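# Architecture and fold: a report
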Amino acid sequence: GLLAAPGTIHPGLGFTAILAIAMGAGGSAALNHWWEADIDAGMKRTADRPLPSGRMRREDARDFGMFLSGVSVFLMGVAIGWLAAALLLAAIVYYAVIYTMWLKPSTPQNIVIGGGSGAFPPLIGWVAVTGELTAMPILLFAIFFMWSPPHFWARALFVKTDYAKGGIPMLP
């Protein structure tokens, strides 16, 4: 999104935007791991992660995820702009709450709807450069959104039994 957007951004600010997006992704992933620690413990692919294996306390992962997410949104808002920060917050909530806590355990359509969380970074990058939310970054979001389900379904074929053991309904 930073590179595709019309206009330019100072390299330092571009780095800061990417850093904030990466921190937001890391924070929401930590919240995902905190929420799914019991599920991860029952799946071969994820059983050795720090929480299910007992190398980290669940509360520490939750607190780290909240801290990292909060700092990422604040950094994006102060350095880049509050519209980009609001979109970053939406991406974090979309992944950590809508996808992880609601969609993933309840419907095999989880990836179809949940793919939106992975489509936010190019949208945020575009807004970081332009300061505007227009049709083009929304189209970029839509392209990534449409790419997510086939990508994850192909991967899910290889860990189908793991998802079943974890009680996660997954297509295909």
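Residues numbered from 1 in each chain as written. Predicted model: local features only at pLDDT ≥ 70, side-chain atom pairs only at ≥ 80, totals over all residues. Heavy atoms only, no water.

Our next topic: helix H6 (residues 116-130). Here H6 spans 21 Å end to end across 15 residues, near enough to the 21 Å set by a 1.5 Å rise per residue. Burial runs high along H6: twelve of the 15 residues are buried. Those residues of H6 that sit buried are Gly 116, Ser 117, Ala 119, Phe 120, Pro 122, Leu 123, Ile 124, Gly 125, Trp 126, Val 127, Ala 128 and Val 129. Considering only its buried residues, H6 is in contact with helix H1 (11-35), helix H3 (58-79), helix H4 (82-106), helix H5 (110-114) and helix H7 (135-158). Backbone geometry just after H6 places Gly 131 at a positive phi near 75 degrees. (Helix = DSSP H or I, 4+ residues; strand = E, 2+ residues; numbered from the N terminus. Expected span 1.5 Å × (residues − 1). Buried < 20%, exposed > 50% of the residue type's maximum accessible area, 1.4 Å probe, protein only. Contact = heavy atoms within 4.5 Å.)

Next up on the list: the nonpolar core. Counting 24 residues, the largest nonpolar core has Met 76, Leu 87, Leu 88, Phe 120 and Ile 124 as its most contacted members. Mapped onto this core, the elements with two or more residues apiece are H1, H3, H4, H6 and H7. Here this core takes eight residues from H6, the largest share from any one element. Not counting residues within four places of it along the chain, the set of residues in contact with Met 76 comprises Ala 17, Ala 20, Ile 21, Gly 81, Ala 84, Ala 85, Leu 88 and Ile 124. The next biggest cluster of nonpolar side chains, apart from the first, holds eight residues, and it includes Tyr 99, Ile 111, Ile 168 and Met 170. (Core = buried A, V, L, I, M, F, W, Y, C linked by side-chain atoms within 4.5 Å.)

Attention now moves to the environment of Gly 125. Its location among the elements puts Gly 125 in helix H6. Residues Gly 125 and Ile 9, 116 residues apart in the sequence, show an inter-C-alpha distance of 10 Å. Setting aside anything within four residues of it in sequence, one finds Gly 125 in contact with Gly 1, Leu 2 and Ile 21.

Moving on, we come to the pattern of salt bridges. Using the criterion set out here, one finds seven salt bridges in the structure. Linking Glu 59 and Arg 57 is a salt bridge whose minimum nitrogen-to-oxygen distance equals 3.9 Å. Judged by relative accessible area, Arg 57 falls into the exposed class, the value being 52%. The salt bridge partner of Asp 60 is Arg 57, with a shortest N-O separation of 3.1 Å. Owing to a relative accessible area of 34%, Asp 60 belongs among the partly exposed residues under this scheme. The network of salt bridges with common partners includes Arg 57, Glu 59 and Asp 60. (Salt bridge = Lys/Arg side-chain N within 4 Å of Asp/Glu carboxyl O.)

Below, the discussion takes up the packing of H4 against H6. Put simply, H4 and H6 touch, their axes get as near as 9 Å, and they point 175 degrees apart. The pairing of H4 with H6 is recorded here as roughly antiparallel in orientation. Contacts between H4 and H6 involve Leu 83, Ala 84, Leu 87, Leu 88, Ala 90, Ala 91, Tyr 94 and Tyr 95 from the first element and Gly 116, Ser 117, Phe 120, Leu 123, Ile 124, Val 127 and Ala 128 from the second. Each residue belonging to the contact of H4 with H6 can be placed in one class, and the counts come to 13 nonpolar, two polar and no charged. (Axes fitted to C-alpha atoms, helices over the stretch in contact; angles between N-to-C directions. Parallel < 35°, antiparallel > 145°, perpendicular 65-115°, else oblique. Nonpolar A, V, L, I, M, F, W, Y, C, P; charged D, E, K, R; others polar.)

This brings us to the packing of H3 against H4. Interaxial distance between H3 and H4 falls to 7 Å at its minimum, and their mutual angle equals 160 degrees. Overall, the two elements H3 and H4 adopt an arrangement that is roughly antiparallel. For the element pair H3 and H4, the recorded crossing hand is right-handed. Two secondary-structure elements touch here, H3 through Ser 69, Ser 72, Val 73, Phe 74, Met 76, Gly 77 and Val 78 and H4 through Trp 82, Ala 84, Ala 85, Leu 88, Leu 89 and Ile 92. Residue composition of the contact of H3 with H4, by class: ten nonpolar, three polar and no charged. (Left-handed = near helix turned anticlockwise from the far one by under 90°.)

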